[in-house]
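The residues making up each chain are set out below.
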Amino acid sequence: MTYDFDMLVDRRGTWCVQWDGAARRFGADGLLPFTISDMDFPSPPEVLDALQRRVAHGVFGYTDWRQEDFLSAVSHWFGSRYGTDIDTERIVYAPSVLNQLSQLLRMWTGPGDGVVVHTPTYDGFLKAISGLGRDLRGAPAGDMAALERQLARPDSKVLVLCSPHNPTGRVWTEAELTETARLAAAYDVAVVSDEIHADFVHPEFVAGGQRHLPWTRFGSGRWALVTSATKAFNFPALSGSYGIIGDPEDHAEFLRRMQTGEGLASPAVLSLTAHIAAYREGGPWLDALGAYVAGNLRMVAEKLDSAFGLNWSPPEAGYLAWIDLRPLGVDDAALQRELIEREKVAIMPGTVYGAEGFVRLNVGCPRSKAEAGVDALVRALTRLT
């Protein structure tokens, strides 16, 4: 089956955070957005067909996620995509990955305890950790010595591992994951591995063809893998995620908290429907989309290199171009003014993720839109340099 990823879909007026929320975030109307991490592509036809069939049934009563159709679809995806067997008895379900993270932090930490992240850091982690009154501790991505220093602090209780890493798009190597697991065990630190970007690895951009390796292969002691099909198959508004929790007692406690204190025993049935269809039938669509987005990322690299000789390398995973502009010596605030006021585009500044001198450009969109965004960025940077 062939898919048309060049088709432009008008998302304005659909309560869309990326398009309709840009004015609130950036303070100007009519901006072309390249911001929050969802895509401008319709979900796979296979997912849409499954949703339409479920809607046609017409009854949307309370739903049970602990049923074979869903659990076997998750198991099938991990087995076929990652060559990894999972224990479906360890699966949990929640409205979102961040919801799972918050619940696990409540289980495994107390106010003031340290939670370690790699920097730069996805802003959702920053908000969740700080909002719960935990002490956020950062270690630069790839710096194992810095990571060990943070994990070794006596009150560091949890490492939040973003795998692949957001915002950089880095795919962790087997050696890095093995060493991370060793350090976590040595200092008795629990690991929460957010793997929502795992389905979007670009082998051509990864040195040695490294593929994503789920944390289930490395976890010992207290650990959880949290993820969702919503990112790769573009249905985040259906609000659903799942996790795998290693320890049986932790698994039971998580379920107890969700069913009692959170009151979240029944999932959204359309989310379950979409997950099952995506994992059973959506692989060819995802492969085609990955190749298309890789083309967008190559285009970004070519335009930046042609204009400034930045020699920028595309991310190993995802559709978010994390671009280091520090060699150009451009002021972050001045660049944002140029982009918003003159170019009429919205591009996320690196300061959102704790990194000055960077931007994060979402190219999960038709090529024509991606080109418009990169061209606007190049013009703004040219004026400033």
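Residues numbered from 1 in each chain as written. Predicted model: local features only at pLDDT ≥ 70, side-chain atom pairs only at ≥ 80, totals over all residues. Heavy atoms only, no water.

Chemist: Explain helix H7 (residues 144–151) to me, and be specific about the residues and the numbers.
Modeler: Those residues of H7 that fall on the buried side of the exposure criterion are Ala 146, Leu 147, Gln 150 and Leu 151. One face of H7 carries all of its buried residues, which in axial projection span an arc of 135 degrees. Looking at the buried side of H7, the elements it contacts are strand S3 (114–119), strand S4 (135–140), strand S5 (156–162) and helix H8 (174–186). (Buried < 20%, exposed > 50% of the residue type's maximum accessible area, 1.4 Å probe, protein only. Helix = DSSP H or I, 4+ residues; strand = E, 2+ residues; numbered from the N terminus. Arc of directions from axis to C-beta. Contact = heavy atoms within 4.5 Å.)

Chemist: A description of the sheet that holds strand S7 (residues 223–227) should follow, citing residues and the corresponding values.
Modeler: Taken in spatial order, the 7 strands line up as S2-S8-S7-S6-S5-S3-S4 in an open sheet, and their pairing is mixed. Here the strands that pair on one side only, and so sit at the sheet edges, are strand S2 (91–94) and S4. For this sheet, the mean angle separating the axes of adjacent strands, direction not counted, is 25 degrees. Bridge analysis of strand S6 (residues 190–194) against S7 gives 4 bridges, and the strand direction is parallel. Across the sheet, the residue bridging to Ser 193 is Leu 225, located in S7. Along the sheet, helix H10 (residues 248–259) contacts S2 and strand S8 (241–245); its crossing angle with S2, the most-contacted strand, is approximately 25 degrees. (Pairing = 2+ DSSP bridges. Axes fitted to C-alpha atoms, helices over the stretch in contact; angles between N-to-C directions.)

Chemist: Let's hear about the nonpolar core: which residues, and what values?
Modeler: Core analysis: the largest hydrophobic core is formed by 114 residues, its most contacted members being Leu 104, Trp 215, Phe 233, Val 300, Ile 323, Leu 335 and Leu 361. Per element, the largest residue contribution to this core is 12 residues, and it comes from helix H12 (residues 283–308). Apart from residues no more than four positions distant in its own chain, Ile 323 is found in contact with Val 300, Leu 304, Trp 312, Gly 357, Phe 358, Val 359, Leu 361 and Leu 377. Formed by 10 residues, the second largest nonpolar core is a distinct cluster that contains Phe 26, Trp 322, Ala 346 and Phe 358. (Core = buried A, V, L, I, M, F, W, Y, C linked by side-chain atoms within 4.5 Å.)

Chemist: Quick one: what's the story with the layout of surface pockets, residue by residue and with numbers?
Modeler: Its volume calculated, the largest pocket comes out at about 1,200 Å³. Ser 37, Asp 38, Phe 235, Pro 236 and Ala 237 are the residues nearest the centre of the largest pocket, which is lined by 45 residues in total. For the lining of the largest pocket, the secondary-structure elements that each account for two or more residues are helix H1 (17–20), helix H3 (45–57), helix H5 (97–108), helix H6 (123–131) and helix H9 (230–233). Here the lining of the largest pocket takes 3 residues from H6, the largest share from any one element. Of the residues assigned to the lining of the largest pocket, the class counts are 22 nonpolar, 14 polar and 9 charged. Around the second largest pocket, the lining is made up of 17 residues, and of these Thr 168, Trp 312, Ser 313, Pro 314 and Trp 322 lie nearest the centre. Element by element, the count of residues in the lining of the second largest pocket is highest for strand S9 (residues 320–324), at 3 residues. Within the lining of the second largest pocket, the residues separate by chemical class into 9 nonpolar, 4 polar and 4 charged. (1 Å grid on protein atoms, 1.4 Å probe; cavity = no way out; pocket = protein on both sides within 12 Å on 5 of 7 lines; lining within 4 Å. Points joined across faces, edges and corners; volume = space filled by probe spheres on them. Nonpolar A, V, L, I, M, F, W, Y, C, P; charged D, E, K, R; others polar.)

Chemist: Account for the packing of H12 against helix H14 (residues 367–384), naming residues and giving values.
Modeler: Interaxial distance between H12 and H14 falls to 10 Å at its minimum, and their mutual angle equals 20 degrees. By the angle between their axes, H12 is roughly parallel relative to H14. The crossing of H12 and H14 is right-handed. On H14, the residues that touch Tyr 292, Gly 295, Asn 296, Met 299, Val 300, Lys 303, Leu 304, Ala 307 and Phe 308 of H12 are Arg 367, Ala 370, Glu 371, Val 374, Asp 375, Val 378, Leu 381 and Thr 382. For the contact of H12 with H14, the class distribution of residues is 10 nonpolar, 3 polar and 4 charged. (Parallel < 35°, antiparallel > 145°, perpendicular 65-115°, else oblique. Left-handed = near helix turned anticlockwise from the far one by under 90°.)

Chemist: Quick one: what's the story with the sheet that holds strand S10 (residues 345–349), residue by residue and with numbers?
Modeler: One open sheet accounts for 4 strands, arranged S1-S10-S11-S9; its pairing is mixed. Looking at the sheet topology across the chains shown, the edges are occupied by strand S1 (32–34) and S9. With direction set aside, neighbouring strand axes in the sheet form an average angle of 35 degrees. Examined bridge by bridge, S1 and S10 share 3 bridges and lie parallel to one another. Pairing of Pro 33 across the sheet is with Ala 346, part of S10.

Chemist: Mind laying out the pattern of salt bridges, listing which residues take part and the relevant values?
Modeler: Across all of its chains, the model carries 23 salt bridges by this definition. A salt bridge links Arg 182 to Glu 179; the shortest N-O distance between them is 2.8 Å. Of this pair, Arg 182 and Glu 179 both sit in helix H8, separated by 3 residues, roughly a single helical turn. Classification of Arg 182 by relative accessible area gives partly exposed; the value is 44%. A salt bridge links Glu 343 to Arg 379; the nearest nitrogen and oxygen atoms lie 2.8 Å apart. Of the two residues, Glu 343 is situated in the loop between helix H13 (332–342) and S10 and Arg 379 in helix H14; the sequence distance between them amounts to 36 residues. Its relative accessible area of 41% is what places Arg 379 among the partly exposed residues. Salt bridges here are not isolated pairs; linked through shared partners, they connect Glu 338, Arg 342, Glu 343, Arg 379 and Arg 383. (Salt bridge = Lys/Arg side-chain N within 4 Å of Asp/Glu carboxyl O.)

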